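Tertiary structure, described
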Amino acid sequence: MMEWNVDTNEKEMGMATAVSNNKLLEVTDLGVTFKTDEGLVRAVDGISFTAHKGKTLGIVGESGSGKSVTAQSIMRLLPNSAMIDEDSSIAFYRDSGPIEITSLDNRSQKMRELRGGDIAMIFQEPMSSFSPVYTIGNQIMEAILQHRNVSKQEAREIAIDMLDKVGIANPAVRVDQYPFELSGGMRQRAMIAVALSTRPSLLIADEPTTALDVTIQAQILELMRGLKDEFDMSIIFITHDLGVIAQVAQEIVVMYLGKAMERGTAKDVLGNPQHPYTVSLLGAIPKLGTLGGRLTPVGGDIPSPLQRPSGCPFHTRCKQKIEGVCDVDPPGITRVSDTHTVYCYLYE
Amino acid sequence: MIRFVIERFFGMFVTMFFVSIMVFIIMELPPGDYADRYAFRKFSGTGVTVTESDLDNIRAELGLDRPAYQRYFSWIGGILFRFDFGDAFAYETSVNNVLGQRLGLTLAILFSTLIITYLVAIPVGIYAAVHRHSAADYGLTIFSYLGLALPNFLLALILLYISVKYLGSSVGGLFSAEYQDAPWSIAKFVDLLKHLMVPAIVLAWSATAFQIQTVRATMSDEINKLSVTAARARGIPERRLLFKYPARLAINPVVSTMGFDVNRIFSELPIVALVLGLAELGELLIQSYLDLDMFVAGAILLLLTFIIVFMNFLSDIALSFLDPRIKLKG
Ligand SMILES: Nc1ncnc2c1ncn2[C@@H]1O[C@H](COP(=O)(O)OP(=O)(O)OP(=O)(O)O)[C@@H](O)[C@H]1O
Ligand SMILES: [Mg+2]
């Protein structure tokens, strides 16, 4: 196994060169701080990753690790109290050339074209992602009319077609129904229909199945897998469940308290986990087939975001903590292989 | 939708039926009856001794001798089929004549008050919510508390003073003398608005202050809903999105309390009218109690409740348009 230190300039360090011209979205040194009444909250602390064309990138981590804030940064949906670092970069590679999202104005025409047009997003709660006072069709057509040059009638036909594609029976009837007339699973399907109706090249799914029960969760994952190929898009799939990630992602970022603890292909991270945090997260997945297998959640409490631990943020819960090292300075990023990096002193 | 409207309409009808019975009972409540007072007024000081049979004659003449249910039906029948509220004994004319202008004035004040309230409160409340914690927001909050704290009659006096002293407009009544009997014209309409302005602003003042806070609170809640973020994530322009999603729901509580607003305006109107010297219904209601002129009292009670019930009906219908969950879930 090759191991060497990479100096701090992560911008230079793409994945393997073979895929680097397939970049769709490249996040470099993203840092986000919230101003709150209690003080500054460092929600994302310098993370970098790349989503490649046609691939699914999984972002995994426990609650509060900054997954949603990362997604909101890409969509520029952060509240006014949030500040993105000056030197952060979020580059979106359109066919016509790259766009630097962090330098766009929040309300600019270009940002609105990106939102929903190039990058679509679905959310954790299918129950509340739709407004209760407009029909499903109205909300799908709204997206279509915003981004595609079609008539109302055509938009309606596209909406019905999309509802059909996401596996909703009777789409011509459903299109005129209100969200509360649909079940949770159906609503998440409808949300996917909204997202895909504008043919985005990137779909950000922030815990899209967490609120659903297991069988429906599996159906939605299956649906998303199929649609990704049909629509030839990339997905950033956010979840706290490595078991779900294993089913959908080709590349994985493991996040903890705003840091990327480990990055690599699914094979790297799941098959050859390096970081003690990844290892303990994997221990928390009930293995298929091992009925009654004990669930060992990651021990210890997640520190308050207002009091981030010094050094490696995970040292307070790490079983392999090196006293006097891990709790003092932050570790560097160590390259395990061409595709695999880890943020931990154990490999330095 | 049509079914919902019919249901609510029927509901309004049933409510009005019970209200009319209650009003009729109230009309029957005062001790003695109109015949006593009529005889007293007509014959006191004349030396004529009024006997029980004279009273009976008066009762027969006025139709007071029939059983209560018959009198109820002839009363309500007259109103429903001929829009005839009976006789105003004390004025020796019909109730319709006595009410005429006062009803017009009351309605004009009511609607201009409601219009001012909603026209100010809704946009201002939405603005304050969108620009939360801005200087404008804080300013509006202070204004709102002031609005709630200031007594109506004081405000009425202040505005009365200002309008007479600086705007030179006469207050009291609906029209200035020169327009009283003039045919409708732009000038007459402007004159009407001038007269309505002071009472409408006085009555709208506290309601506006209150409704600004309501709209601001609901709007602030609605803006943070995931469905709004989801629409933003679809690339919908901010202004359109605010009007389509949160603003539509932010006016719900205002619409649903329309009946309360009407009710409150009716109860505050007599004091304001007294200060401003306006001849509206509330004052007449009190006078008619004193005269035991029960057809007048009944007509006013019935009309005022009908307006409240009807506004409630309108607010139900408007709500069902604003929020489809209401009509679909029943
Ligand atoms: N609007 C906000 N104001 C202040 N702090 C915030 C805000 N939004 C998020 N945070 C903080 O940022 C950190 C990361 O939050 P984030 O929602 O990204 O976590 P997450 O990984 O998505 O967790 P979960 O699995 O619970 O969704 C948390 O500590 C949270 O408290
Ligand atoms: Mg989240």
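Residues numbered from 1 in each chain as written. Chains lettered and ligands numbered in written order. Predicted model: local features only at pLDDT ≥ 70, side-chain atom pairs only at ≥ 80, totals over all residues. Heavy atoms only, no water.

Points about the overall build of chain B
Check the secondary structure of chain B and you find 15 helices and two strands. If you line up chain B on its principal axes, its C-alpha atoms span 85 × 55 × 40 Å. Looking at the 330 residues of chain B, the share that counts as buried comes to 47%. By element, 69% of the accessible surface of chain B is carried by carbon and sulfur atoms, the whole surface being about 16,900 Å². Between the centroid of the 26 positive side chains of chain B and the centroid of its 27 negative side chains there is a distance of 16 Å. (Helix = DSSP H or I, 4+ residues; strand = E, 2+ residues; numbered from the N terminus. Buried < 20%, exposed > 50% of the residue type's maximum accessible area, 1.4 Å probe, protein only. Areas by Shrake-Rupley, 256 points an atom, 1.4 Å probe, with all protein chains shown as cover. Lys, Arg positive; Asp, Glu negative; His and termini not counted. Charge placed at Lys NZ, Arg CZ, Asp CG, Glu CD.)

Overview of the interface of chain B and chain A
Taken together, the contacts link 23 residues of chain B with 28 residues of chain A. Buried surface at the junction of chain B and chain A, summed over both partners, amounts to about 2,200 Å²; 65% is from carbon and sulfur atoms. Of all residues in chain B, the largest losses of buried area upon contact with chain A belong to L226(B), A233(B) and R234(B), amounting jointly to 28% of the total for that side. Between E142(A) and R234(B) there is a salt bridge, with its nearest N and O atoms 2.3 Å apart. Our enumeration of links across chain B and chain A arrives at ten residue pairs in polar contact (both at pLDDT 80 or more). Among the elements of the structure, α9 (226–233), α10 (238–250) and α15 (324–329) of chain B are those that each provide at least two residues to the side of chain B that touches chain A. Element by element, the count of residues in the side of chain B that touches chain A is highest for α9(B), at seven residues. Each residue belonging to the side of chain B that touches chain A can be placed in one class, and the counts come to eleven nonpolar, three polar and nine charged. (Contact = heavy atoms within 4.5 Å. Buried area = accessible area lost by both parts, 1.4 Å probe. Salt bridge = Lys/Arg side-chain N within 4 Å of Asp/Glu carboxyl O. Polar contact = N/O pair within 3.5 Å; in protein donor to acceptor, adjacent residues only side chain to side chain. Nonpolar A, V, L, I, M, F, W, Y, C, P; charged D, E, K, R; others polar.)

Some remarks on helix α11 (residues 276–283) of chain A
The periodicity of an α-helix, 3.6 residues per turn, causes residues three or four positions apart to be oriented the same way. Residue and element names in this part refer to chain A. Counting buried positions along α11 gives six out of eight residues, so the element sits mostly inside the fold. Among the residues of α11, those classed as buried are P276, Y277, T278, S280, L281 and L282. If you follow the buried residues of α11, they end up packed against α9 (242–248), β11 (251–256), β12 (259–265) and α10 (266–271).

A word on α9(B)
All names here are of chain B. Among the eight residues that make up α9, eight are buried, leaving the element largely enclosed by the rest of the structure. Along α9, the residues classified as buried are L226, S227, V228, T229, A230, A231, R232 and A233. Positive backbone phi, at 85°, marks G235, one or two positions downstream of α9.

Notes on the confidence of the model for chain A
For chain A, the mean per-residue pLDDT works out to 89, and 91% of the residues sit at or above 70. Within the model, the stretch residues 1–19 of chain A combines pLDDT values under 50 with 33 contacts to residues more than four positions away or in other chains. (pLDDT = per-residue confidence, 0-100.)

What about the pairing of strand β2 (residues 23–36) of chain A?
Residue and element names in this part refer to chain A. By the criterion of burial, β2 is predominantly enclosed, with eleven of the 14 residues buried. By the bridge criterion, eleven bridges tie β2 to strand β3 (residues 39–52) in an arrangement that is antiparallel. Each residue of the ladder has a partner; that of K35, found in β3, is L40. With antiparallel pairing between neighbouring strands as the criterion, β2 and β3 make up a hairpin whose turn holds two residues. Judged from the three bridges that link them, β2 and strand β5 (residues 82–84) form a sheet pairing that is antiparallel. In the sheet register, F34 faces β5, and the bridge partner there is A82. (Pairing = 2+ DSSP bridges.)

Side note on the environment of G226(A)
Looking at the secondary structure, you find G226(A) in helix α8 (residues 214–231). Separated by 24 residues in sequence, G226(A) and Q250(A) have C-alpha atoms that sit 15 Å apart.

Concerning the site of ligand 1
Residues and elements named next belong to chain A. Lining the immediate environment of ligand 1, one finds 14 residues, of which S63, G64, K67, S68 and V69 sit closest. Between ligand 1 and G66, the relevant distance is 3.0 Å, taken from an oxygen atom to a main-chain nitrogen or oxygen of the residue. Interatomic distance of 2.7 Å between a side-chain N/O atom of S68 and an oxygen atom of ligand 1. Its free accessible area being 630 Å², ligand 1 has 69% of it covered by the protein chains. Only β2 and α2 (67–75) provide two or more residues apiece to the shell around ligand 1. Class assignment of the residues belonging to the shell around ligand 1 gives a composition of five nonpolar, six polar and three charged. (Near = heavy atom within 4 Å.)

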